[in-house]
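Observations on the model geometry
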Amino acid sequence: MSQPSQPVEPTGVLSPEEVLRKSGVPFTVLDHVPIVGRDDAENKLGLSTEQLLKTMVFRTADGGFVLAALPVTGRVNYGRLARAAGVSRAKLRQAEPDELRLLGMEPGGASPVCDLPDVVIVFDASVTRMGTVYCGSGRADRTVVIEAARLIELVGPKIEELSS
């Protein structure tokens with residue numbers, strides 16, 4: 001039996017869920033067993049693949065963060081993401097799991113909602129057509145349900161063709 005997810009250690013950074021609550025944007029949260037990835041979301045929670053929004057977390061050579069949000073079935077094109085983020089592909093790497101806590105998140109809970117001001121957030125253009133989406137809350141045992149248009153309005157991401 002899996003252990004319940006523990007709240008992320010306080011870092012002075014608001015969790016994605018706290019940012020959403022403060023914003024007043026309507027959303028709901030699903031509590032569930034901890035999940036990581038598409039298979040868990042589909043098989044353990046029975047969520048529709050067409051509505052799943054994954055967020056990938058990257059670091060730049062200078063220590064910055066880049067969040068890439070795209071449909072769970074998409075594969076991020078690293079060259080396109082690097083261009084959208086304004087860095088060279090060689091200076092972009094996936095974040096280590098323990099680095100997520102700096103964003104108020106944990107593995108399995110990566111979210112496109114972030115409290116830090118200098119984080120570059122890029123959404124795949126297809127997200128604008130997704131309707132209601134399920135995305136990370138910052139925790140692996142909670143999922144946010146929100147209208148994609150309201151999420152985009154709140155986050156103010158760059159919108160690019162990220163999928164290859």
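What comes next concerns the included structure. Here the structure is a predicted model, which is why all the values come from computation and not from measurement.

Its boundaries defined by the atoms lining it, the largest pocket holds a volume of some 540 Å³. Around the largest pocket, the lining comprises 29 residues; the ones closest to its centre are G37, K54, T55, G108 and A110. Where the lining of the largest pocket is concerned, the elements lending two or more residues are helix 2 (38-43), strand 2 (53-60), strand 6 (132-136) and strand 7 (142-147). Considering every element that reaches the lining of the largest pocket, the biggest residue donor is strand 2, with five residues. Along the lines of polarity and charge, the residues of the lining of the largest pocket split into 16 nonpolar, eight polar and five charged.

Our focus in this paragraph is the packing of aromatic side chains. Counted under the stated rule, the structure contains one aromatic pair. Ring geometry for F58 and Y78: centres 5.5 Å apart, planes at 85°, overall edge-to-face. With a gap of 20 residues between them, F58 in strand 2 and Y78 in helix 3 (residues 78-85) connect regions that are remote in the sequence. On the basis of relative accessible area, Y78 is assigned to the partly exposed category, the value being 25%. Sitting over the face of the ring of F65, R59 holds its NZ or CZ atom 3.9 Å from the ring centroid.

Before going further, it helps to examine the state of the cysteines. Applying the stated criterion across every chain yields a total of zero disulfides. For C114, which is in no disulfide, the shortest distance to another cysteine sulfur is to C135 and amounts to 13 Å. For C135, a relative accessible area of 3% translates into the label buried.

In this structure, L53, V57, L67, L103, F123, I146 and L151 are the most contacted members of the largest nonpolar core, which totals 28 residues. Top element by residues in this core is helix 4 (residues 148-155). It accounts for four residues. Once residues within four sequence positions are removed from consideration, I146 is found in contact with L20, V25, P26, F27, G131, T132, V133, C135 and L151. Within the second largest apolar cluster, 13 residues are counted, among which are M56, A68, L92 and L162.

About the criteria used
- Residues numbered from 1 in each chain as written.
- Predicted model: local features only at pLDDT ≥ 70, side-chain atom pairs only at ≥ 80, totals over all residues.
- Heavy atoms only, no water.
- 1 Å grid on protein atoms, 1.4 Å probe; cavity = no way out; pocket = protein on both sides within 12 Å on 5 of 7 lines; lining within 4 Å.
- Points joined across faces, edges and corners; volume = space filled by probe spheres on them.
- Helix = DSSP H or I, 4+ residues; strand = E, 2+ residues; numbered from the N terminus.
- Nonpolar A, V, L, I, M, F, W, Y, C, P; charged D, E, K, R; others polar.
- Phe/Tyr/Trp six-rings, centres within 6.5 Å; stacked < 30°, edge-to-face > 60°.
- Buried < 20%, exposed > 50% of the residue type's maximum accessible area, 1.4 Å probe, protein only.
- Lys NZ or Arg CZ within 6 Å of the ring centre and 35° of its normal.
- Disulfide = S-S within 2.5 Å.
- Core = buried A, V, L, I, M, F, W, Y, C linked by side-chain atoms within 4.5 Å.
- Contact = heavy atoms within 4.5 Å.

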